[in-house]
Amino acid sequence: MLIKGCWILSLYALLLIGCTSKDIPQEGEIVTWKQNPQLIVKAKLGPRREHIPDRFDSEFYRPAREHYLGQFPIDYVTEKFPPITQEEANQLPMPDSNRQLEFYLILNGTNVQATDSDLLDHKDQIRVSVEGLPLDLREGNFNTEKVFISNLASKYVKRHSKFKKYGLDCYIRSFSDDFLFCFGPTKNGGVFLHLNRGSDKSINAIQGNIYKLNKYGGIWLKWETDLNNWDKWQEIDSAIWHLLDTWNSAPSSQKSN
């Protein structure tokens, strides 16, 4: 009886693993994921990223529920699908709060295995994520430029440190000359950049932030890349918006096309 019981448990475990693996999105699969009612991406998945195990896996690692689209060249040309129906849109679930829309971009034709590590996998990688716009920014009717201006108080920046670089207005942070705030205007309302140009080369990074109240139902678009790509901020911004506009198959996107 013990042997039979163990065999049944082993079979159950294999079936469970098989079902779980089948539910995990695979490269080349076409997915339809709702970020919110105004942003529903329909896309063919790109290369999968490698999971870096950690001690929180048992609690938080849920690959079947991640909305990670893949890693693509900066000039990637993606397929455009027709808008879905309102009925289809209503049936789609909203994403988990900690598993919202993500994708990576790659500069210079670099070939590197993407991972879900906290650190960039390569200096040519750009990690992009989309989140809902925080409630306080919605209530204050904030956009990217307003958020940037609100951070120019003397407690945040050295007010007389302003300089221009790569078409950006930049200020040195009050606590260290190695950290900067920059803003650059774009046709999509601008980008607010946080830059670290310190001596520790492992964390030299740019974090781009875009706050859009009247786009896609209100989103906070974030991207991160190496400091070496500072001069490419406009190219990065254009590529991100182009992909989102092409992927978006929400019923409302029919009116904007």
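Structure shown above.
Enumeration over the complete set of coordinates arrives at twelve aromatic pairs. A ring pair is formed by Y166 and W230, whose centres lie 5.6 Å apart and whose planes are at 75°; its orientation type is edge-to-face. Of this pair, Y166 sits in the loop between β6 (163-165) and β7 (168-172) while W230 sits in the loop between β11 (219-226) and α6 (233-247), and the two are 64 residues apart along the sequence. Through successive ring pairs, a cluster of aromatic residues spans F148, Y171, F181, F183 and F192. Note that K165 overlies the ring of W230, its terminal NZ or CZ placed 5.3 Å from the centroid. Of note, K215 hangs over the ring of Y216, and the distance from its end group to the ring centre comes to 4.8 Å.

With respect to the element layout, N229 can be found in the loop between β11 and α6. Engagement of the side chain of N229 in a polar contact is seen with the backbone oxygen of K123, the distance being 2.7 Å. Those residues within four positions of N229 in sequence are excluded, and the remaining contacts are L107, K123, D124, I206 and I236.

Thresholds, definitions, all that
- Residues numbered from 1 in each chain as written.
- Predicted model: local features only at pLDDT ≥ 70, side-chain atom pairs only at ≥ 80, totals over all residues.
- Heavy atoms only, no water.
- Phe/Tyr/Trp six-rings, centres within 6.5 Å; stacked < 30°, edge-to-face > 60°.
- Helix = DSSP H or I, 4+ residues; strand = E, 2+ residues; numbered from the N terminus.
- Lys NZ or Arg CZ within 6 Å of the ring centre and 35° of its normal.
- Polar contact = N/O pair within 3.5 Å; in protein donor to acceptor, adjacent residues only side chain to side chain.
- Contact = heavy atoms within 4.5 Å.

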